[in-house]
Amino acid sequence: MATPLIFLFLFTLLCKPHMISSSTCTLDFTRFPYEAQSQCFDLAEGSFTPLVMQSCCSSALQSLYQAMTIKASQSRSIFLEFAEAQNCTNIFRNLHHRANPNNCDLQDFISSSTPNLCSNNADSVIGLLGVDMYNALRSNCKGLSSSNHSDEACFDCVVSYRQSLQALKERNRSGNRCAEALLVSLASSDAQSPNLVRGIFSCLWNEITHILGSKKLLAIVILAAALVIITPILYKITRKQLQYASKKDIEILSDEVLKATNHFDDSNLIGDATLGKFYVGIMPSGMPTTIKRLNQGIIKVQNFGEEVIRKAKIRHPNVVTTLGYCDTGEHCLVYEYCVNGNLAGWLLGNGRTLILTWEHRMQISIGIARGLCFLHANALVKMVHGDLKLSNIFLNEKLEAKILDSNLSNCKPNETKGLQTIKNDVFDFGVVLLQVLTGKKSKSVVEEARDAILKGASISGMADPRLNGAYVSSEFRNVLSIAVRCTAPSERERPYMEEIVRKLEETQSLV
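Since the model is a prediction, treat every value here as computed from it, not as a measurement.

(A) Quick peek at the state of the cysteines. Under the definition given, this model contains four disulfides. Between the sulfur of Cys118 and that of Cys178 lies a disulfide, 2.2 Å long from S to S. In this structure the cystine formed by Cys118 and Cys178 twists about its S-S bond by roughly 95 degrees; its chirality is therefore right-handed. In this pair, Cys118 is assigned in the loop between helix 4 (107–110) and helix 5 (122–129) and Cys178 in helix 8 (residues 178–188), connecting sequence segments 60 residues apart. With respect to burial, Cys118 and Cys178 carry one shared label: buried. The disulfide partner of Cys141 is Cys157, and the S-S distance across this bridge is 2.0 Å. Because the torsion about its S-S bond is 85 degrees, the bridge between Cys141 and Cys157 counts as right-handed. You can see Cys141 sitting in helix 6 (residues 131–141) and its partner Cys157 sitting in helix 7 (residues 151–171), a full 16 residues away along the chain. The residues Cys141 and Cys157 share a single accessibility class, namely buried.

Below, the structure is given as structure tokens:
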């Protein structure tokens, strides 16, 4: 009996250090699993471009913060001791070694070793903020529990979050990482509602990305749209505050935009549209942005601020967010960066090795429909796009569609032209839908699809050959039928976007 006991003792002794090492990370990475972007896979050390690095690190960090939210809901502790932060980062890297987040220094952003930390306890954050203000913040963010939450829900949450953060900083003037502490504290109170946690992070993540991004840019961010209040009196005050506060910052941003785009060098050019050209720009800190250089004479100077304010109000998961602007020298708009480029590059570009699967195409089609439906029915400012095409639809790290470059000034609906312009948008959406299905550029596909549906002909030859037959036939026919209705010769025969969204969602749910 002695020999087995000796082996048991040795086994326990040898295994003990490993068990202690594993248990020093108390984060649960399974509740909100990290979904790495395709361009982060299998890249050698040092081969990341600054743009890819920025995006990959940001999405990895968001996953870590979501895991910290689960921990905070139980222990109320927000940040991790440095040793645990290192251990958790190593475990996270090992779990996602193909995504190679080794150069992100993630442990620095989740560790409590930051000097003068704002707070490392969720209850302390609530105490500093005050129970009434904290409960008001929770109430204003409750609308984010839906997987397809509205623009107004996110808008309300952002406004309340900024007010709360300002109060928190005033009560802890020397504190660092207050924005992150408030975000985790807020989400931890509803950790048992995964949809709400995801909604909070989706809506508010840009509010704390200064830890990876440009503070100068964020100083000009027209997320001061949070101050673009609905009442006329406050709206006028907001415009004056915006013009006064941003004058110097806009001059700084103008210089940064030139440097970020290498003085609008063609090597930074990523797209062209009716109002101007799109460039990718890297701000001084490495934060990637999409910068739109407007054509000369497109927008009157006195109306430019109003244009930006209107754009800044648009917040929807399927519409690209306007971050800032500059009007010194060049007239430019600064947008969030969508790492996977535009849809034209995926469907019509040559030499692309990655192919959009049928599942991705359904997801993208529904996303475009939701974004366009939001523009048409937005409670704050109803508008049409006016220039919907593949090159104005961008894809984020999860290949989710985001509509860019709506011609707001020229295409705002009115009593006489509202129906016509909205139905023109619907026609353009139908063309985009056909291009997603077929991978064809020519608009002749409109007549080809109409003949196939109305005459009951075979549709198998219409599918993008790059799919290699890997699509659901019933879904393909249903979506094709929707596209044909959208491109009907008569505007009155074309459906509204609300119906299109419903039909697409029903088609997806049938399988």
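Still to come is the rest of the account.
(B) Quick look at the pattern of salt bridges. One pass over the full model with this rule turns up 11 salt bridges. As a salt-bridge pair, Asp464 and Arg466 come within 3.2 Å of each other at their nearest N and O atoms. On the basis of relative accessible area, Asp464 is assigned to the buried category, the value being 3%. When its relative accessible area of 29% is taken as the criterion, Arg466 is described as partly exposed. Each of the salt bridges in this network shares a partner with another, and the network as a whole consists of Arg138, Lys142 and Asp190.

(C) Expanded view of the packing of aromatic side chains. For the coordinates displayed, the defined rule picks out nine aromatic pairs. One aromatic cluster is present, built from ring pairs that chain together Tyr65, Phe201 and Trp205. Over the aromatic face of Phe264 sits the side chain of Arg293, whose NZ or CZ is 4.3 Å from the ring centroid. Lying across the ring of Tyr496, Lys423 places its NZ or CZ 4.4 Å from the centre.

(D) Geometry of the environment of Thr69. Relative to the elements of secondary structure, Thr69 occurs in helix 2 (residues 50–75). Along the sequence, Thr69 and Asp28 sit 41 residues apart, while their C-alpha atoms lie 9.7 Å from each other.

(E) Highlighting the side chain of Arg177. Structurally, Arg177 can be placed in the loop between helix 7 and helix 8. The buried category is assigned to Arg177, whose relative accessible area is 17%. A polar contact of 3.5 Å, which involves the side chain of Arg177, links it to the backbone oxygen of Phe109.

(F) Here's a closer look at the sheet that holds strand 2 (residues 276–282). Strand order in the open sheet formed by five strands is 1-2-3-5-4, and the pairing between neighbours is antiparallel. Unpaired on one side and paired on the other, strand 1 (269–272) and strand 4 (322–326) mark the two borders of the sheet. The average undirected angle you get between the axes of adjacent strands in this sheet is 25 degrees. Where strand 2 meets strand 3 (residues 288–294), seven bridges bridge the pair, whose relative direction is antiparallel. Along strand 3, the bridge assignment pairs Val280 with Thr290.

Calculation rules
Residues numbered from 1 in each chain as written. Predicted model: local features only at pLDDT ≥ 70, side-chain atom pairs only at ≥ 80, totals over all residues. Heavy atoms only, no water. Disulfide = S-S within 2.5 Å. Helix = DSSP H or I, 4+ residues; strand = E, 2+ residues; numbered from the N terminus. Buried < 20%, exposed > 50% of the residue type's maximum accessible area, 1.4 Å probe, protein only. Salt bridge = Lys/Arg side-chain N within 4 Å of Asp/Glu carboxyl O. Phe/Tyr/Trp six-rings, centres within 6.5 Å; stacked < 30°, edge-to-face > 60°. Lys NZ or Arg CZ within 6 Å of the ring centre and 35° of its normal. Polar contact = N/O pair within 3.5 Å; in protein donor to acceptor, adjacent residues only side chain to side chain. Pairing = 2+ DSSP bridges. Axes fitted to C-alpha atoms, helices over the stretch in contact; angles between N-to-C directions.

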